[in-house]
Structure formats: C-alpha cells, structure tokens
Amino acid sequence: MCHMLIKQGVYNMKKTLSLIFALLLIVSLVGCSEKIAVNDDDMLDIITKELDLDVSVKRIGTIDLDEVTLVSYMTGNEYQAYTYGYAEFEKHKDNYKFIRTYSMMKRGMDLNSAMYNDSYLFIINNENCKSLWISFESGQEELISVDKIPFVYFLENALNSNFEYQFLDKNDEEI
C-alpha cells in the first residue's frame, strides 16, 4: 500500500511539473512574439524576416510621426520588378515595436501610393517622374518636386478633404 502511495505521489509530481513546464513554455513564446528594434538596421531586419521573401529588401525612407514610425521599403533588384511597401513601428522610450507591414497600390511603373489612417503615402522610383501634383477640392494645389529616386512623400490629413494627384514628367505631362 505504501508503495502504491509513493508511486501515485511521483505520478502526481511528474504531472504537476509537466504542467508547469508547459505553462512556462507558453508564457515564453508569447513574450517572444514581440519584435523590437533599436535602430534602422534592426527595423530592416524585422521587415525582411516578416516578408519572408528570397529577395533583397532596401529601406528607402522613414516617416516619423507622433506615436509611430513608418519605414518605407522596396524589394527586388534591377533584374526583376520592384515591389513597394511600408512597415509600422510603435515608438517606445528607447526602442520600436513592430506592428505590421502594408503593401502599396501600384499607380504606374514604379509609382505607388497607400493610405495610412487619415494620411497618404507616395513612393516614386520612376526616373521619368519629376513631380507629384496634388489638387484639393478646395482649389488649393501643390506641386512637389521629385528631387531624388527613390522618393517618398507623406501627405498628412489627406482624407479630411477630397483630392486628386498625378505623377508628372519633365514636361508636366501625366505619366
């Protein structure tokens, strides 16, 4: 009888230890799911791992907002079509927490746009594009010069007013 009680106690102890180990494993996996960056290189590494593609990823711009940082990127190389996107990182005191990546709408050859909350993001990587023209419903117009390729432009509070945009060449004609 004593032998059975000892055997039962050992069984219960193994069962309890197994349960504790499983809980610790679950807690550690949940804690490891956050992707934290300290600098631009870390952000690019996180984006590259998140995309899980077998192509190069290049950071092309950063938009620093109040509570988040948006990192725009392109994938591919001169021998294949580029794709464009951006990643959202939540700002913390001394690091950035990865939130997610977003794809962009293709508006022409290497001309892209995307909405972010109430704003609009443009990525231009077309050598023929010399400016971005934006016309607001109010009659206000903006002509943004594309001074380098790739070019990133962030239009804040864009969804509060209707607007149209065009990518223009050196003759101010739509591409």
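This one's a predicted model, so the numbers in the text were calculated from it and none came from an experiment.

### Here we look at the overall build of the chain
Scanning the chain from terminus to terminus reveals 2 helices and 12 strands. Counting the 175 residues in the chain, one finds 37% classified as buried. Here the contacts in the chain between residues at least 6 apart in sequence split such that 45% fall between residues at least 24 apart. Counting every atom, the chain has about 11,700 Å² of accessible surface; 53% of that belongs to carbon and sulfur.

### Observations concerning the sheet that holds strand 7 (residues 111–116)
An order of 6-7-8-11 is seen for the 4 strands of this open sheet, with the pairing classed as antiparallel. Two strands in the sheet have a free side with no partner beyond their single neighbour: strand 6 (105–108) and strand 11 (151–155). Pairwise comparison of adjacent strand axes, ignoring direction, gives a mean angle of 25° for this sheet.

### Overview of the pattern of salt bridges
Where charged atoms of side chains with opposite charge meet at close range, the side chains can pair. This structure, assessed with the given rule, holds 4 salt bridges. Ionic pairing is found between Glu34 and Lys97, a salt bridge with its closest N-O pair at 3.7 Å. Taken together, the residues Glu34 in the loop between helix 1 (2–32) and strand 1 (36–37) and Lys97 in strand 5 (residues 96–103) connect sequence positions 63 residues apart. For Lys97, a relative accessible area of 23% corresponds to the partly exposed category. Residue Lys91 pairs with Asp64 through a salt bridge whose shortest N-O separation is 2.5 Å. Of this pair, Lys91 sits in strand 4 (residues 83–91) while Asp64 sits in strand 2 (residues 57–64), and the two are 27 residues apart along the sequence. Classification of Lys91 by relative accessible area gives partly exposed; the value is 26%. Asp64 gets classed as exposed once you look at its relative accessible area, which sits at 55%.

### Some words on the nonpolar core
With 17 residues, the main nonpolar core has Phe122, Leu132, Ile134, Leu155 and Phe163 as its most contacted residues. Going through the elements one at a time, strand 8 (119–124), strand 9 (131–136), strand 11 and strand 12 (163–168) are the ones with two or more residues in this core. Not counting residues within four places of it along the chain, the set of residues in contact with Leu155 comprises Ser119, Tyr120, Phe122, Ile134, Phe136, Glu142 and Phe163. Ile60, Ala114, Tyr116 and Phe154 belong to the second largest nonpolar core, which has 15 residues in total.

### Section: unusual backbone geometry
Residue Pro150 follows Ile149 across a cis peptide bond; omega there is -5°. The topology assignment puts Pro150 in the loop between strand 10 (141–145) and strand 11. Despite not being glycine, Asp52 has its phi angle at roughly 50°, a positive value. Relative to the helices and strands, Asp52 resides in the loop between helix 2 (40–51) and strand 2.

Each value, and the rule that gives it
Residues numbered from 1 in each chain as written. Predicted model: local features only at pLDDT ≥ 70, side-chain atom pairs only at ≥ 80, totals over all residues. Heavy atoms only, no water. Helix = DSSP H or I, 4+ residues; strand = E, 2+ residues; numbered from the N terminus. Buried < 20%, exposed > 50% of the residue type's maximum accessible area, 1.4 Å probe, protein only. Contact = heavy atoms within 4.5 Å. Areas by Shrake-Rupley, 256 points an atom, 1.4 Å probe, with all protein chains shown as cover. Pairing = 2+ DSSP bridges. Axes fitted to C-alpha atoms, helices over the stretch in contact; angles between N-to-C directions. Salt bridge = Lys/Arg side-chain N within 4 Å of Asp/Glu carboxyl O. Core = buried A, V, L, I, M, F, W, Y, C linked by side-chain atoms within 4.5 Å.

Scope: geometric values only; no functional claims are made or implied.
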